[in-house]
Amino acid sequence: MNLNQHPSEIQGVSLESIAREFGLPLYVYDGEKIVSQIRSIQEAFSDVPLKIKYATKALSNISILKLIRNAGAGIDAVSIEEVKLGIMAGFDPVEIMYTPSGVSFSEIEEAVKLGVMVNLDSIPLMKQFGKQYGNQVPACIRINPHILAGGNAKISVGHKHSKFGISIEQLPEIIATVAAYDLNIAGLHVHTGSDILDAEIFLRGANVLFEAAKNFPDLRFIDCGGGFKVAYKAGDPATDIREVGDKVSKAFQDFCKEYGRSLELWLEPGKFLVSEAGYFLVEANVVKETPTITFVGVDSGLNHLIRPMLYDAYHDVYNLSNPKGGNQSYHVVGYICETDTLAADRVLPEVRQGDILVIKNAGAYGFSMASNYNSRLRPAEVLVWNGKAHLIRKRESFEDLVKNQVQLEF
Ligand SMILES: *Cc1c(COP(=O)(O)O)cnc(C)c1O
C-alpha cells in the first residue's frame, strides 16, 4: 500500500493528533494541496492569459477562500451569499464572477451594486438587464452548448435538456437581444458538468464559444467553466490537465488571432482544486456483524457527507488507527435514520470500536453540502497550513441548532 494514498499525517502533522485536539467528526484540509492544484492549472495554461475563478460552492469556508485568493485566483459565485463571502475574504469584486440560475432580479441588482460580473442565464434576464443598465454595465452570457458531459445525470448541466444557460440554437435571438438593448457583452461562458475526463469535451465546449464569439465584438474574456475530474481511488483516471491545457490553449490562440485581439481565458475549477485536499475523519461507534455483512457504524452520515447517497460517489476509506490489522470486508454506514451508506464492500484492516476512519476526497461538496438533518450538529473544519493545524470553523453547538427557532407555548 502506497503510504501517500493513506496518509497518517499532513505536512508533518499527524491526523491522530489533529483528531485529539479538535474532536470528531472533523473535516481536515491540506492547504498545500490546494495551492499545488492551482499551480498545475496555471502551468498547463501558461501560454495564454489565464484567470482561475474557483467555484466557491465546492468549499466555501472564508479561510479557504483567502488561501485561494492569496494563491492568485478569483472566484465564481452561484449565490449572492457566495458573492458576499468572496468580498469578505478580500476578493476585489472585479475578480468575482456571479453565475446564478433563475434568481430574482433584486439579487442581480445587488450583485451589480457590489461591482461583480454577472453571467446572464436566460433571454428574459438579458432583456431585464438591458432595460435596467443598457450598455453601462458589462455582462457575460452563459451558453448551453448542448454537450452531454459529466460523471452522472445530476452533474451533467450542459446538455440539450438542461436548465442552465441559453441554448446555442437560440444564438440569433441572443444576438438580436444584445442589439435591441445595446447590451455590453464582455464574456461568453460554458460549464458543461462535473467529473469530465476527456480533453476533447472541453475543446468542444470551447469551440462552441469561439464560433459564437464572432458575433460579439467587445469581448474581454472566454470562460470555459470547470468540471475537471479527480481520481477517487488508486488507478482511477483524472483529467489530464496538461493535455487540456495544451489543446485548449492552442485552440484559444488560434481563435484570438482570428478574432483580432487577445482575450483572457477563464476557468472555473471547483472539485479539482479542493477535492483531494480534504479528509473527513470519523469514529467507529459500533462494529455489527450480521449473517451476510459486517457494518461499521460511524459518528456521521449523509448529513455531513451526502455525495455517496446523492451521486453514488465513491470515497476511499482507510483505518487510521489500525493500519496493520488483518483485512476484512465492511459496509461503512452513517447514523442517519434512512439508508445511509458511506462506503460499501470495502476491505479495511480490522475495525475496532473507537478506531478513526478517514474518508478521502472530502474537500469538494463535503462540508458545503452538509446539513442538520436528524437534528445533528455540523462538524468543525481544520486547515493545515505551514505545518500547523488551524481551526477554521467551530463545531456547531446545540445552541446553534435552536437559535433561530421561535418557541410557541401551548
Ligand atoms: C459547480 C460549477 C463549477 C465547478 O464545477 P466542478 O465540477 O466542481 O469543477 C464551475 N462553474 C459553474 C458555473 C458551476 O456551477
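Scoring rules and cut-offs
Residues numbered from 1 in each chain as written. Predicted model: local features only at pLDDT ≥ 70, side-chain atom pairs only at ≥ 80, totals over all residues. Heavy atoms only, no water. UniProt positions renumbered as here; feature names shortened; annotations may be inferred. Core = buried A, V, L, I, M, F, W, Y, C linked by side-chain atoms within 4.5 Å. Buried < 20%, exposed > 50% of the residue type's maximum accessible area, 1.4 Å probe, protein only. Helix = DSSP H or I, 4+ residues; strand = E, 2+ residues; numbered from the N terminus. Domains from an automatic or database assignment. Contact = heavy atoms within 4.5 Å. Phe/Tyr/Trp six-rings, centres within 6.5 Å; stacked < 30°, edge-to-face > 60°. Arc of directions from axis to C-beta.

- Under an unreviewed UniProt entry, the name given to the chain is Diaminopimelate decarboxylase, and the organism recorded is Algoriphagus kandeliae.
- UniProt lists a comment for the chain under the heading Sequence similarities (unreviewed entry), and it reads "Belongs to the Orn/Lys/Arg decarboxylase class-II family. LysA subfamily."
- Its UniProt record gives the chain a comment under Function (unreviewed entry), which states: "Specifically catalyzes the decarboxylation of meso-diaminopimelate (meso-DAP) to L-lysine."

### Observations regarding the nonpolar core
Okay, so step 1: With 106 residues, the main nonpolar core has F129, I141, I174, L188 and I222 as its most contacted residues.
Okay, so step 2: For this core, the element with the highest residue contribution is helix α8 (residues 199–213), accounting for 10 residues.
Okay, so step 3: Counting contributing residues per domain, this core is built from domain 1 (18–25 + 277–402) and domain 2 (45–272), each supplying no fewer than three.
Okay, so step 4: I141 has contacts with N119, L120, M126, I166, I174, V178, I185, G187, L188, H189 and F216, leaving out every residue within four places of it along the chain.
Okay, so step 5: Counting residues in hydrophobic clusters, the runner-up holds 18 residues, among them V13, A19, L281 and A380.

### Regarding the environment of V358
Okay, so step 1: Secondary-structure assignment places V358 in strand β18 (residues 356–359).
Okay, so step 2: For V358, a relative accessible area of 0% translates into the label buried.
Okay, so step 3: The spatial distance from the C-alpha of V358 to the C-alpha of P7 is 9.4 Å, given a sequence separation of 351 residues.
Okay, so step 4: If sequence neighbours within four positions are ignored, V358 has contacts with L15, Y279, F280, L281, D316, V317, Y318 and L320.

### Comments concerning the packing of aromatic side chains
Okay, so step 1: Following the criterion strictly, the structure yields 11 aromatic pairs and no others.
Okay, so step 2: For the pair Y27 and F367, a centre-to-centre distance of 6.0 Å together with 80° between the ring planes defines the contact as edge-to-face. Residue Y27 is located in strand β3 (residues 26–30), and its partner F367 is located in the loop between β18 and β19 (380–385); the two are separated by 340 residues in the primary sequence.
Okay, so step 3: With relative accessibility at 0%, the residue Y27 sits in the buried group.
Okay, so step 4: F367 sits in the buried class, given a relative accessible area of 5%.
Okay, so step 5: Their ring planes at 40° and their centres at 6.1 Å tell us that F252 and F255 sit as a pair that is tilted. With F252 and F255 both in helix α9 (residues 241–259) and three residues apart, this pair spans about one turn of that helix.

### Thoughts on helix α6 (residues 123–133)
Okay, so step 1: Within α6, the full set of buried residues consists of I123, L125, M126, F129, G130 and Y133. In an axial view of α6, the angular spread of the buried residues amounts to 155°, which keeps them on one side of the axis. What points out from α6, more than 90 degrees from its buried face, is the exposed set P124 and K131.
Okay, so step 2: Against α5 (105–114), β7 (117–120), β8 (139–144), β9 (166–167) and α7 (171–181) lie the buried residues of α6.
Okay, so step 3: Among the residues trailing α6, G134 stands out with phi positive, at a value near 50°.

### Considerations on the UniProt feature "modified residue: N6-(pyridoxal phosphate)lysine" (unreviewed entry) in the chain
Okay, so step 1: The UniProt record annotates "modified residue: N6-(pyridoxal phosphate)lysine" (unreviewed entry) at K57.
Okay, so step 2: Relative to the assigned elements, K57 resides in the loop between β4 (50–55) and α3 (62–70).
Okay, so step 3: Exposure remark for K57: the relative accessible area of 36% places this residue in the partly exposed category.
Okay, so step 4: Leave out the neighbours within four places in its chain, and K57 touches V78, E82, Y365 and S368.

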